[in-house]
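Okay, here's what each chain looks like letter by letter:
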Amino acid sequence: MKQEDSNMNLYEYLYNNSSNPYCIELLQYEINSRIYYFGNNFASPKERKISVKERSINFLSYLYRKVKTKSIKKSNNLIISNAYFSVNDEIKKNGFEVAIPWWTIKKGGSYIKHQKIEKLFNEINGSLKNDTIPDLISETFINKIILFKKLLKDFIEPTEIKAIILSNDLGFFERVFIDAFKEKEILTFIYLHGLPARYNYIDDNRADYLIVWGDKIKNNYINAGVDGNKIIVAGHPFYNSNKFSKIQFNLNDVLVISKTKCGTPLSSDNVILSDRGNCLIYLEMIKEVLFSYGVKKVRLRLHPSESENWYSNNIDNVFFELDNNSLKDSLKNTSMVIGPTSTVFLESIYAGVNYLIFEPQEDGLDILKNKVVDPFDGVNNNLPVAKSVKELSCLIRDKKTVSGQILKDYFTEKFDMTKVFEKIN
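Here is a short report on the structure shown in this document. (Residues numbered from 1 in each chain as written. Predicted model: local features only at pLDDT ≥ 70, side-chain atom pairs only at ≥ 80, totals over all residues. Heavy atoms only, no water.)

## Notes on the overall build of the protein chain
Across its full length, the protein chain carries 17 helices and 16 strands. Radius of gyration (C-alpha) of the protein chain: 23 Å, near the 22 Å computed for a compact globule of 425 residues. Along the longest, intermediate and shortest principal axes, the C-alpha atoms of the protein chain span 65 × 45 × 45 Å. Nonlocal contacts in the protein chain, meaning residues at least 24 apart in sequence, comprise 67% of its contacts between residues at least 6 apart. For the protein chain, the exposed surface amounts to about 20600 Å²; the carbon and sulfur share of it is 47%. For the protein chain, the centre of its 57 positive side-chain charges and the centre of its 52 negative side-chain charges are spaced 5 Å apart. (Helix = DSSP H or I, 4+ residues; strand = E, 2+ residues; numbered from the N terminus. Rg over C-alpha atoms; globule rule 2.2 N^0.38 Å. Contact = heavy atoms within 4.5 Å. Areas by Shrake-Rupley, 256 points an atom, 1.4 Å probe, with all protein chains shown as cover. Lys, Arg positive; Asp, Glu negative; His and termini not counted. Charge placed at Lys NZ, Arg CZ, Asp CG, Glu CD.)

## What about the pairing of strand β10 (residues 298-301)?
The alternating pattern of β10 places Val 298 and Leu 300 and Arg 299 and Arg 301 on opposite faces, both of which are buried. Inspection of the sheet shows strand β9 (residues 254-257) paired to β10 by 3 bridges, in the parallel sense. Residue pairing across strands places Val 256 opposite Leu 300, the latter belonging to β10. Crossover connection from β9 via helix α11 (residues 277-292) to parallel β10: handedness right-handed. (Buried < 20%, exposed > 50% of the residue type's maximum accessible area, 1.4 Å probe, protein only. Pairing = 2+ DSSP bridges. Right-handed = clockwise from strand over helix to strand, strands pointing away.)

## Some words on the sheet that holds strand β2 (residues 78-81)
Reading across from one edge, β3-β2-β5-β6-β7-β8 is the order of the 6 strands in this open sheet, with parallel pairing throughout. Strand pairing shows two members of the sheet lacking a second neighbour, β3 (97-99) and β8 (231-233), which therefore form its edges. Each strand of the sheet is rotated relative to its neighbour by a mean of 25 degrees, with strand direction disregarded. Summarising the sheet, β2 and β3 pair through 3 bridges and their orientation is parallel. Bridge pairing in β3 places Ile 80 opposite Ala 99. Across the face of the sheet, helix α9 (residues 172-183) comes into contact with β2, β5 (161-166) and β6 (187-191) while running at roughly 150 degrees to β5. The strands touched by helix α10 (residues 215-223) within the sheet are β7 (209-212) and β8, with β8 carrying the most contacts at an inclination of about 170 degrees. (Axes fitted to C-alpha atoms, helices over the stretch in contact; angles between N-to-C directions.)

## Things to note about the environment of Gly 277
You can see Gly 277 is positioned in helix α11. Along the primary structure Gly 277 and Asn 314 are separated by 37 residues, whereas in three dimensions their C-alpha atoms are 9.6 Å apart.

## Brief notes about helix α15 (residues 389-397)
Looking only at α15, the buried set comprises Leu 392, Leu 395 and Ile 396. Axial view of α15: buried residues confined to an arc of 95 degrees, hence all on one face. In α15, those exposed residues whose orientation departs by more than 90 degrees from the buried face are Lys 390 and Arg 397. Contacts from the buried residues of α15 go to α11, β12 (336-339), β13 (354-358) and β16 (385-386). Count one or two residues on from α15 and you reach Lys 399, which has phi positive near 55 degrees. (Arc of directions from axis to C-beta.)

## Re the side chain of Asp 377
Among the structural elements, Asp 377 can be located in the loop between β15 (365-366) and β16. One buried charge, Asp 377, has no salt-bridge partner; the nearest side chain with opposite charge is Lys 387, at 6.9 Å. A polar contact of 3.2 Å, which involves the side chain of Asp 377, links it to the backbone nitrogen of Val 379. When near neighbours in sequence (up to four residues on either side) are disregarded, Asp 377 contacts Gln 361, Val 372 and Lys 387. (Salt bridge = Lys/Arg side-chain N within 4 Å of Asp/Glu carboxyl O. Polar contact = N/O pair within 3.5 Å; in protein donor to acceptor, adjacent residues only side chain to side chain.)

## Some words on the environment of Ile 145
With respect to the element layout, Ile 145 can be found in helix α8 (residues 139-155). In this structure Ile 145 comes out as buried when scored by relative accessible area, which is 2%. Residues Ile 145 and Cys 23, 122 residues apart in the sequence, show an inter-C-alpha distance of 7.2 Å.

## Remarks on the packing of aromatic side chains
Counting across every chain of the model gives 28 aromatic pairs. Between Phe 148 and Phe 177, the aromatic rings sit 6.3 Å apart at their centres with planes inclined by 45 degrees, giving tilted as the arrangement. Taken together, the positions of Phe 148 in helix α8 and Phe 177 in helix α9 put the pair 29 residues apart, joining distant regions of the chain. Pair check on accessibility: Phe 148 and Phe 177 agree, each one buried. Connected via pairs of aromatic rings, a cluster forms that spans Tyr 84, Phe 85, Tyr 191, Trp 213, Phe 238, Tyr 239, Tyr 350 and Phe 411. (Phe/Tyr/Trp six-rings, centres within 6.5 Å; stacked < 30°, edge-to-face > 60°.)

## Here's the deal with the sheet that holds β12
Taken together, the 6 strands give an open sheet; going across it, the order is β11-β10-β9-β12-β13-β16, and neighbouring strands pair in parallel fashion. Every interior strand has two partners, whereas the edge strands, β11 (320-322) and β16, have only one. Pairing of β9 with β12 involves 3 bridges; the strand directions are parallel. Looking at the pairing, Val 254 lines up with Met 336 of β12. Packed onto the sheet, α11 meets β9, β10, β11, β12 and β13 and runs at close to 155 degrees relative to β9.

## Topic: the state of the cysteines
Here the structure, examined in full by the defined rule, presents 0 disulfides. Cys 279 takes part in no disulfide bond, and the closest cysteine sulfur to it belongs to Cys 262, at a distance of 9.4 Å. (Disulfide = S-S within 2.5 Å.)

## Examining the packing of α11 against α15
Contact geometry for α11 and α15: axes closest at 10 Å, N-to-C directions at 40 degrees. With respect to α15, the axis of α11 lies oblique. The two elements α11 and α15 meet at a crossing, and its hand is right-handed. Of the residues in α15, those in contact with Met 285, Ile 286, Glu 288, Val 289 and Leu 290 of α11 are Val 389, Leu 392, Ser 393 and Ile 396. Tallied by class, the residues present in the contact of α11 with α15 amount to 7 nonpolar, 1 polar and 1 charged. (Parallel < 35°, antiparallel > 145°, perpendicular 65-115°, else oblique. Left-handed = near helix turned anticlockwise from the far one by under 90°. Nonpolar A, V, L, I, M, F, W, Y, C, P; charged D, E, K, R; others polar.)

## Overview of the pairing of β5
Along β5, 5 of the 6 residues are buried, which leaves the element largely enclosed by surrounding structure. Note: β2 against β5, 4 bridges, orientation parallel. If you follow Ile 80 over to β5, its bridge partner there is Ile 164. Pairing geometry for β5 and β6, over 4 bridges, is parallel. Residue pairing for β6: Leu 166 is matched across the bridge by Ile 190. A crossover links β5 with its parallel partner β6, the connecting element being α9, and its sense is right-handed.

Quick look at the structure:
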């Protein structure tokens, strides 16, 4: 047995003491979610028993994939992809067929038919959703993982499947597929699905290439240790740097974005324990400032992972009114957004709505003890960032607005995946 470390977490302990650490590493997200994704502040905490309703939804998802979507055979021009937005449409426009990976449910999606692999996938997927940690690290389940990867490698061929493009590299199936494809020398890609809340040289770096929206994001990854040669700037299907409006300052209808506690560790190489009470303190700070400027009511938008009931039971429901509209509709009715690190920052500016960044921090760490990253860290002097209640009050007093020009740093002028297809071809 290896020497114990007083700062070791459960995943590290299991990894260091396993006879098959590789499989434990594949299960990192699952193990961590069972330990840290807890509490009524989450809409679906992982420590609770899976309800009959959820089991039914899982079963219906399985039936949908079997009945409502079409299965396709392998071809000599196939890309497997669950990339967000309309990336798959762009892939098809360039003459490729697209297959959705089995763990993703997508309306009208096409899936590769392989009875033996699908059967084992369904068994493993069910265990990942329902089983305990001892079940997942058991010899029986480890053997299933080994068999699944072997069947997958035997199935995929470079002459038929050209590449795989995934939305992340954290989950179990994402990691298995990336490793299997790389071992078969088939190109693997991650297409960025949101503005990163962390940069390191591990996460988003497991595939052959990382596709990002703009040069600033690429530089942030390079500064974190990622090889710049594997980062492709392709832009965003919905947003570009050409369209932005002059942004006004207005407190008539303020939308507040919640400060969300992560269910699983933000970075694979570090476990940070956060106080969920600070999510409420964050809102109280904003309320204090806005109230001093005569604002009597705001709308509050929660992250989809958060529980409306928990917030309703713990906040001033006269001041904060929960907003459940689509983000697009919500921004239409908003005069200004106040929020923390979030992709909504870029989406708000693109919609012509002012976004005041409020990230209370000390020594570069936010109130949940996570490192604050660009553009929310206040390093850019041209971007107003409030690191305290006093600074937020000053931004409002001075009627500060964000320049739409900042979009040029994070989005290209147009969405262009030419470099991706050049790599594949």
